[in-house]
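Listed below, chain by chain, are the residues.
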There are 2 protein chains.
Amino acid sequence: MELWGFWRSLASFRVRIALNLKGISYEEIPIDLMAGLQKGEAYRAVNPQMVLPALRDGDGPVLFQSVAILEYLDETHPEPPLLPRDPRGRARVRGLAAIVAADSHPLIVPRIREYLEHELGVPEEARAAWCRHWIQAGLKAVESHLANEAETGRFCHGDQVTIADICLVSLMAGAKLFGADTDGLDGANRIAAACMELPAFADAHPLRQPGAPGRG
Amino acid sequence: MELWGFWRSLASFRVRIALNLKGISYEEIPIDLMAGLQKGEAYRAVNPQMVLPALRDGDGPVLFQSVAILEYLDETHPEPPLLPRDPRGRARVRGLAAIVAADSHPLIVPRIREYLEHELGVPEEARAAWCRHWIQAGLKAVESHLANEAETGRFCHGDQVTIADICLVSLMAGAKLFGADTDGLDGANRIAAACMELPAFADAHPLRQPGAPGRG
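Residues numbered from 1 in each chain as written. Chains lettered and ligands numbered in written order. Predicted model: local features only at pLDDT ≥ 70, side-chain atom pairs only at ≥ 80, totals over all residues. Heavy atoms only, no water.

This paragraph deals with the pairing of strand β1 (residues 2–5) of chain B. Residues and elements named next belong to chain B. Relative to strand β2 (residues 27–30), β1 runs parallel, the two sharing four bridges. Paired with G5 across the two strands is P30, which belongs to β2. On the question of chirality, the crossover connecting β1 to the parallel β2 by way of helix α1 (residues 10–22) is right-handed. (Pairing = 2+ DSSP bridges. Helix = DSSP H or I, 4+ residues; strand = E, 2+ residues; numbered from the N terminus. Right-handed = clockwise from strand over helix to strand, strands pointing away.)

Laid out in structure tokens, this is it:
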């Protein structure tokens, strides 16, 4: 498969984890978000929304939106499963994933930070505080489920990795990148650490990708 | 089933549409977003993220996050299906839904508008422009798929209603509420109009709910 991604893109990180968990070989085509290349003509022809990631499986068409891609990979490569089997469990996992992928991460992506800067004149420190605020709000919401629900296990939902863990880990990596405090989020910290012990997660980490600081 | 929602909540609108399409009877418990009641102790015990909607099916637990709820309803009440059967089609539908439910709508909800106002001091007209901007960006991204892909039919994906249509219609209703221009979005306008001819959509519309302007 071909993945259009970028080392720093947290949504690309999610797709890399799933590809690794499923044992799918892929080539990553880097699109430099810091240089704005996701808005260039070449990538626009791949994904008209001009956001990362995108994935091509065989002769296409191109798949877009990270969580839709995770569901596709789970449907086409069922082992190991990334969702539980019961509908209530699946709903909980998808709900936790959406707290991250819908209600948190989209608030801190480049296009939002650029609008805050250029359209609203928000200074750098206040933009950084915005990012930290929404990362922490998302993590706290996930934690409120993890801490109080019997379904929580070694991972977000029992003892198998699911889409919820993939999303949680991506936001925890965002917390690190943006300097957001995660003290007191005991469940989130414990589960993220358990995930990062798995090579599928560790190998997919932003700071392990070509182009990341210190990786050349 | 019991739905915690609000007339103006676009995510609650999505769940009402799905409940209607599936022929599921439900009671809606209104949580007044304009009065901030989603942050009150009573609702916090229902959904610790303090956002709408939430749904209880029988003896629970409470389901949260609108798209996770749509998937749950589709799994537990398969007719009529809200996703196509082939994985690529499902990925396209989920991707279109995510452009709305992840990358657009979360940018304009009350907690964001409040942060812009109170933390960043963004004046009212600029906050309204922010909402219009992100609604239009999402609709344009959806339109770029609808206009150029062979899978587009009477609805977003062929001639059956899917989760993509439910999400699209919710954002089109948001465009109306926030005064965002939708001229030129021919596919989105045509499909939203086709959806609104269906009673399941029309009956779920924000302005048809108790508490909406003119509805008492």
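Mapping B:D103 onto the fold places it in the loop between α4 (87–101) and α5 (110–118). Judged by its relative accessible area of 11%, B:D103 is buried. Through-space distance from the C-alpha of B:D103 to that of B:A137 is 9.1 Å; in sequence the pair is 34 residues apart. Here the side chain of B:D103 touches A:Q49 through a polar contact of 3.0 Å, side chain to side chain. (Buried < 20%, exposed > 50% of the residue type's maximum accessible area, 1.4 Å probe, protein only. Polar contact = N/O pair within 3.5 Å; in protein donor to acceptor, adjacent residues only side chain to side chain.)

Another aspect to go through is the interface of chain A and chain B. Taken together, the contact between chain A and chain B spans 46 residues of the former and 46 residues of the latter. Carbon and sulfur atoms make up 67% of the area that chain A and chain B hide from each other, which totals about 4000 Å². Ionic pairing is found between A:R94 and B:E75, a salt bridge with its closest N-O pair at 3.0 Å. Considering each element in turn, the side of chain A that touches chain B owes the most residues, 11 residues, to helix α4 (residues 87–101) of chain A. Its residues placed into classes, the side of chain A that touches chain B shows 26 nonpolar, nine polar and 11 charged. (Contact = heavy atoms within 4.5 Å. Buried area = accessible area lost by both parts, 1.4 Å probe. Salt bridge = Lys/Arg side-chain N within 4 Å of Asp/Glu carboxyl O. Nonpolar A, V, L, I, M, F, W, Y, C, P; charged D, E, K, R; others polar.)

All names here are of chain B. Looking at the element boundaries, Q38 is found in the loop between β2 and α2 (41–46). Judged by relative accessible area, which is 6%, Q38 ranks as buried. Q38 has contacts with I31, D32, L33, Y43, M50 and P110, leaving out every residue within four places of it along the chain.

On to helix α8 (residues 186–196) of chain B. Taken residue by residue, α8(B) has B:G187, B:A188, B:I191, B:A192, B:A194 and B:C195 as its buried positions. Viewed end-on, α8(B) has its buried residues packed into an arc of 160°, placing them on one side of the element. (Arc of directions from axis to C-beta.)

Let us now look at the relation of the copies chain A and chain B. Taken as rigid bodies, chain A and chain B are interconverted by a rotation of 180° and an axial shift of 0.0 Å, the fit giving an RMSD of 0.0 Å. The operation mapping one copy onto its partner corresponds to a two-fold rotation axis. Taking C-alpha positions as reference, the residue of chain A nearest the rotation axis is A:A102, located at 1.9 Å. Comparing contact sets, 100% of the residues at the interface of chain A also lie at the interface in chain B, consistent with an isologous, same-surface contact. (Least-squares fit on C-alpha atoms with pLDDT ≥ 70 in both.)

So, about the pattern of salt bridges. For the coordinates displayed, the defined rule picks out 30 salt bridges over all chains. Linking A:R92 and A:E149 is a salt bridge whose minimum nitrogen-to-oxygen distance equals 2.7 Å. Here A:R92, found in helix α4, pairs with A:E149, found in the loop between α6 (124–148) and α7 (163–178); they are 57 residues apart in sequence, far enough to count as distant. When its relative accessible area of 24% is taken as the criterion, A:E149 is described as partly exposed. Its salt-bridge partner being B:K22, residue B:D74 comes within 2.6 Å of it at the nearest N-O pair. Of the two residues, B:D74 sits in helix α3 (residues 66–76) while B:K22 sits in helix α1, which places them 52 residues apart along the sequence. Of the residues examined, B:D74 reaches a relative accessible area of 12% and is grouped as buried.

All right, on to the packing of α1(B) against α3(B) then. Residue and element names in this part refer to chain B. Viewed as axis vectors pointing N to C, α1 and α3 meet at an angle of 5°, and their least axial separation amounts to 9 Å. As far as their axial angle goes, α3 and α1 are roughly parallel. Of the residues in α3, those in contact with A11, R14, V15, A18, L19 and K22 of α1 are S66, I69, L70, L73 and D74. By residue class, the composition of the contact of α1 with α3 is seven nonpolar, one polar and three charged. (Axes fitted to C-alpha atoms, helices over the stretch in contact; angles between N-to-C directions. Parallel < 35°, antiparallel > 145°, perpendicular 65-115°, else oblique.)

Helix-helix packing is described using two parameters, namely the angle between the two axes and the distance between the axes. Residue and element names in this part refer to chain A. In contact at an axis separation of 10 Å, α7 and helix α8 (residues 186–196) are set at 105° when each is read in the N-to-C sense. Classified by the interaxial angle, the pair formed by α7 and α8 is roughly perpendicular. Seen from α7, the contacting residues are D165, L168, V169 and M172; seen from α8, they are A188, N189, I191, A192, C195 and M196. In terms of residue class, the contact of α7 with α8 is made up of eight nonpolar, one polar and one charged.

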